[in-house]
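Coordinate inspection notes
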Amino acid sequence: MIIVLRINEFLLRLGCIPYIFLNFALDNEFCPPMKKYNFNAGPSMLPREVVEKTAQAVLDYDGMGLSLMELSHRSAEFKPILDEARLLLKELLDVPAGYEVLFLGGGASMHFCMVPFNFLRSKAAYLNTGTWSTKAIKEARLFGEVVEVASSADKAFSYIPKDFEVPADADYLHVTSNNTIYGTQMRHDPDSPVPLVADMSSDILSRPVDVSKYNCIYGGAQKNLAQSGLSFAIVKESALGRAGRAIPSILDYGVHIANGSMFNTPPTLPIYTALCNLRWVREQGGVVEMARRAEERAAVVYDEIERNSLFMATAVEEDRSYMNIDFVMAPGYEELEAPFVSFASERGVVAIKGHRSVGGFRASCYNAMPLEGAKVLAACMREFEKNVKK
Ligand SMILES: *Cc1c(COP(=O)(O)O)cnc(C)c1O
């Protein structure tokens, strides 16, 4: 009793009582905050503990009394963060010797230009599977001949072309492994007579990759790795230095590698978030486990789309993305699109509105999305159908 009183007295002195009260009011079962399932396509959901660790580091990094945002990128504290993040990405993707990992600013779009700048000597092959491939092709054309080996534009990018020929004298074949907007995915590394280059912005760390087939794998971090402001690249060192042109230092993969990914100030806080996320992926069982979960989650949503008479998937079955699930209202129900977005949002399912170029819905299910989120979305679709059909 006395101890309790003492503690209360102590807390009162600290002014903690209002805080405890507030916490109780927020947490208690009479008014629980609605659980939100964040289906944003990017920037997108991250594991809660990764967000919390980042928040903590912003306030006070490792008990130093300083924010990580206030520390030099060359400080004794930051250097190990960058080193471990580079090493962990290598470890998780089983990156062979002879490759280096870079964390740079600029986003995936910067690599649309860096890739041909560094690897296109005379001719490059590109597979066109959507908006991002199209943008990558546009940039590459500034540097040399670009052969578009195939395109799925004829059917609104709803599939991945399979039968195409790659010129044997191309410097590389560029693919977009997951088409974030159209919801299609190459779930396996394609075979190619020339080295591959891939934009893996939206499926990096969601499955094992045979890195030895690639000269370069790159992407923006904001889909499945960290928050925005950061990009990554996995670069085969022996493939560099052959483009036969002068490259501005900031766009030269070789310069970034020679400087240990510190040619200039890298986005320090996003790199810390990436590190926390990479540690999380490892703790959860690595990319094999991420792939298992992705398939399981996607099946819950696609199965419901197939079963439900109100909805329809847009991508052909064999090429459907496990990361971005695109669907629309079935013919005759188009006017229910906006009502379903509100219906879902009232049940905690947020950000399922499709990309403006496709319309309909897009449920992005990156690594951080729990299976429960997919089940709640599927339940919303079932309930909505019941309400409409009654
Ligand atoms: C989001 C995205 C991009 C664009 O990334 P930025 O970082 O905004 O440049 C490029 N490619 C793919 C596959 C994407 O999902």
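So, a few notes on the structure that sits alongside this text. (Residues numbered from 1 in each chain as written. Predicted model: local features only at pLDDT ≥ 70, side-chain atom pairs only at ≥ 80, totals over all residues. Heavy atoms only, no water.)

1. Overview of helix α6 (residues 131–140)
All buried positions along α6 are accounted for by S133, A136, I137 and A140. All buried residues of α6 fall inside an arc of 100 degrees around its axis, so they share one side. Contacts from the buried residues of α6 go to α5 (107–119), β3 (123–128), β4 (145–151), β5 (173–176), β6 (178–179) and β9 (214–220). (Buried < 20%, exposed > 50% of the residue type's maximum accessible area, 1.4 Å probe, protein only. Helix = DSSP H or I, 4+ residues; strand = E, 2+ residues; numbered from the N terminus. Arc of directions from axis to C-beta. Contact = heavy atoms within 4.5 Å.)

2. So, the environment of T180
Secondary-structure assignment places T180 in the loop between β6 and β7 (184–185). Along the backbone, T180 and W132 are 48 residues apart, and their C-alpha atoms lie at a distance of 8.4 Å. When near neighbours in sequence (up to four residues on either side) are disregarded, T180 contacts A41, W132, S202, K223, N324, R362 and Y366. A polar contact of 2.7 Å, which involves the side chain of T180, links it to the side chain of S202. (Polar contact = N/O pair within 3.5 Å; in protein donor to acceptor, adjacent residues only side chain to side chain.)

3. Focus on the packing of aromatic side chains
Evaluation of the coordinates by the stated rule reveals 15 aromatic pairs. On the basis of an interplanar angle of 75 degrees and a centroid distance of 5.7 Å, the ring pair of F311 and F327 is categorised as edge-to-face. Pair noted here: F311 is in strand β11 (residues 311–313) and F327 is in strand β12 (residues 324–329), with a separation of 16 residues, a long-range link. Judged by relative accessible area, which is 4%, F311 ranks as buried. Here the basic side chain of K155 rests over the ring of Y159, its NZ or CZ set 5.9 Å away from the ring centre. Positioned above the aromatic ring of F343 is the side chain of R347, whose terminal nitrogen or guanidinium carbon lies 3.5 Å from the ring centre. (Phe/Tyr/Trp six-rings, centres within 6.5 Å; stacked < 30°, edge-to-face > 60°. Lys NZ or Arg CZ within 6 Å of the ring centre and 35° of its normal.)

4. Some points on the pairing of strand β8 (residues 196–199)
Of the two faces of β8, both are covered, the one formed by L196 and A198 as well as the one formed by V197 and D199. As defined by bridge partners, β8 adjoins β9 across four bridges and the pair is classed as parallel. Looking at the pairing, D199 lines up with Y218 of β9. (Pairing = 2+ DSSP bridges.)

5. Some words on the pattern of salt bridges
Applying the stated criterion across every chain, the model contains 23 salt bridges. Of the charged contacts in the structure, one is a salt bridge between E84 and R279, with a shortest N-O distance of 2.8 Å. Taken together, the positions of E84 in helix α4 (residues 78–92) and R279 in helix α8 (residues 268–284) put the pair 195 residues apart, joining distant regions of the chain. You can call E84 partly exposed: its relative accessible area is 25%. Taking the relative accessible area as the measure of exposure, R279 reaches 28% and is therefore partly exposed. D203 is paired through a salt bridge with R207; the nearest N and O atoms lie 3.5 Å apart. Residue D203 is classed as buried on the basis of its relative accessible area, which comes to 1%. For R207, a relative accessible area of 6% gives the class buried. A single salt-bridge network, built from bridges that share partners, covers E289, R292, R293 and E296. (Salt bridge = Lys/Arg side-chain N within 4 Å of Asp/Glu carboxyl O.)

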